[in-house]
Amino acid sequence: MRFTRDQRLLFIGDSVTDTGRDHEDPTSLGDGYVRMIAEALPSPATVVNKGVNGHRVHDLEARWATDVLALAPSVVTVLIGINDTWRRYDRGLLSPVPEFEASLDRVLTLAEEKCAARLFVMTPFLLPARPEQETWFEDLAPRTDAVLRTANARGATVVRTDLELARAAEVYGAAAIAPDGVHPSPLGHRVIARAWLAAAATG
């Protein structure tokens, strides 16, 4: 898939997308996979980063009108879910999977209906860095299934970041890909960027 100058590619999610972007500068892309994708694109489309540290799916839905619909993007990429799991274990804040799935479906439907946007959905991921993180899969696995169901129902292009990062971890070690299990290293971000670009190329 080639992108043209008049197209806007918007990426939205949590800290994995945010990666230190300047929220006061609409052109700031942060230092992660969004910037890497923008630098690798062979065409001059506009790239926008709307990741916000710590956000869960209900936070995305609360800001969807201003951060997505108002910008009329041509392509919307969503990566969300790990904080919906993480907050259960570190703060006792629940994000029931049925409610998570319904919220994700609503925002994707709006982007499709209001902007006619092409949708990309990235799967949440975890490379356990501590033994207790292994228990997180009890919550994350059904949440990932919900992401896949929703993406397929909306005809979105799925980017299996969970599988790609797991494969990279087998080669380089999990700590080299995501030192704390959640936030990718520069190498981890390169894996994510390559996975998105490959999905876009075949779309």
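Keep in mind it's a predicted model, so treat the numbers as computed, not measured.

Let's talk about the pattern of salt bridges
In this structure the tally under the stated criterion is 12 salt bridges. For E61, the salt bridge goes to R106, with nearest N and O atoms at 2.6 Å. Here E61 is found in helix 3 (residues 57–67), whereas its partner R106 is found in helix 5 (residues 97–115), with 45 residues between them in sequence. By relative accessible area, which is 41% here, R106 ends up partly exposed. For R154, the salt bridge is made with D105, and the minimal N-O distance between the two is 2.8 Å. Highlighted residues: R154 in the loop between helix 6 (137–153) and strand 5 (157–159) and D105 in helix 5, separated in sequence by 49 residues. Judged by its relative accessible area of 22%, R154 is partly exposed. Linked through salt bridges whose partners overlap, the residues forming this network are R88, D139 and R143.

Regarding the pairing of strand 1 (residues 8–13)
Among the six residues in strand 1, five count as buried, and that is most of the element. As paired strands, strand 1 and strand 2 (residues 46–51) are joined by six bridges and run parallel to one another. Within strand 2, the residue paired with L10 across the bridge is V48. Strand direction decides the pairing type here: strand 1 and strand 3 (residues 75–79), joined by five bridges, are parallel. Along strand 3, the bridge assignment pairs G13 with L79.

Observations concerning the packing of helix 3 against helix 5
Between two packed helices, both the angle of their axes relative to each other and the distance between the axes serve to describe the pair. Put simply, helix 3 and helix 5 touch, their axes get as near as 9 Å, and they point 30 degrees apart. Here helix 3 is positioned roughly parallel relative to helix 5, judged by the angle of their axes. Classified by chirality, the crossing of helix 5 by helix 3 is left-handed. Of the residues in helix 5, those in contact with V57, H58, E61 and W64 of helix 3 are F100, S103, L104, R106, V107, L110 and A111. Residue composition of the contact of helix 3 with helix 5, grouped by class: seven nonpolar, two polar and two charged.

Thoughts on unusual backbone geometry
The phi dihedral of A72 is positive, around 45 degrees, even though this residue is not glycine. Note that A72 resides in the loop between helix 3 and strand 3. Judged by its relative accessible area of 46%, A72 is partly exposed. Residues other than glycine seldom take positive phi values, yet A116 does so here, at roughly 55 degrees. Judged by its relative accessible area of 65%, A116 falls in the exposed class.

Points about the side chain of T85
You can see T85 is positioned in helix 4 (residues 82–90). In this structure T85 comes out as buried when scored by relative accessible area, which is 0%. Those residues in contact with T85 that lie beyond four places of it in its chain are W136, D139, L140 and R143.

A closer look at the packing of helix 4 against helix 6
Viewed as axis vectors pointing N to C, helix 4 and helix 6 meet at an angle of 155 degrees, and their least axial separation amounts to 9 Å. Accordingly, the angle class assigned to the pair helix 4 and helix 6 is roughly antiparallel. For helix 4 against helix 6, the interelement crossing comes out right-handed. For the pair helix 4 and helix 6, contact is made by I82, D84, T85, R88 and Y89 and by E138, D139, L140 and R143, respectively. Broken down by class, the residue content of the contact of helix 4 with helix 6 amounts to three nonpolar, one polar and five charged.

About the thresholds
- Residues numbered from 1 in each chain as written.
- Predicted model: local features only at pLDDT ≥ 70, side-chain atom pairs only at ≥ 80, totals over all residues.
- Heavy atoms only, no water.
- Salt bridge = Lys/Arg side-chain N within 4 Å of Asp/Glu carboxyl O.
- Helix = DSSP H or I, 4+ residues; strand = E, 2+ residues; numbered from the N terminus.
- Buried < 20%, exposed > 50% of the residue type's maximum accessible area, 1.4 Å probe, protein only.
- Pairing = 2+ DSSP bridges.
- Axes fitted to C-alpha atoms, helices over the stretch in contact; angles between N-to-C directions.
- Parallel < 35°, antiparallel > 145°, perpendicular 65-115°, else oblique.
- Left-handed = near helix turned anticlockwise from the far one by under 90°.
- Contact = heavy atoms within 4.5 Å.
- Nonpolar A, V, L, I, M, F, W, Y, C, P; charged D, E, K, R; others polar.

Don't take any of this as a statement about function, it's just geometry.
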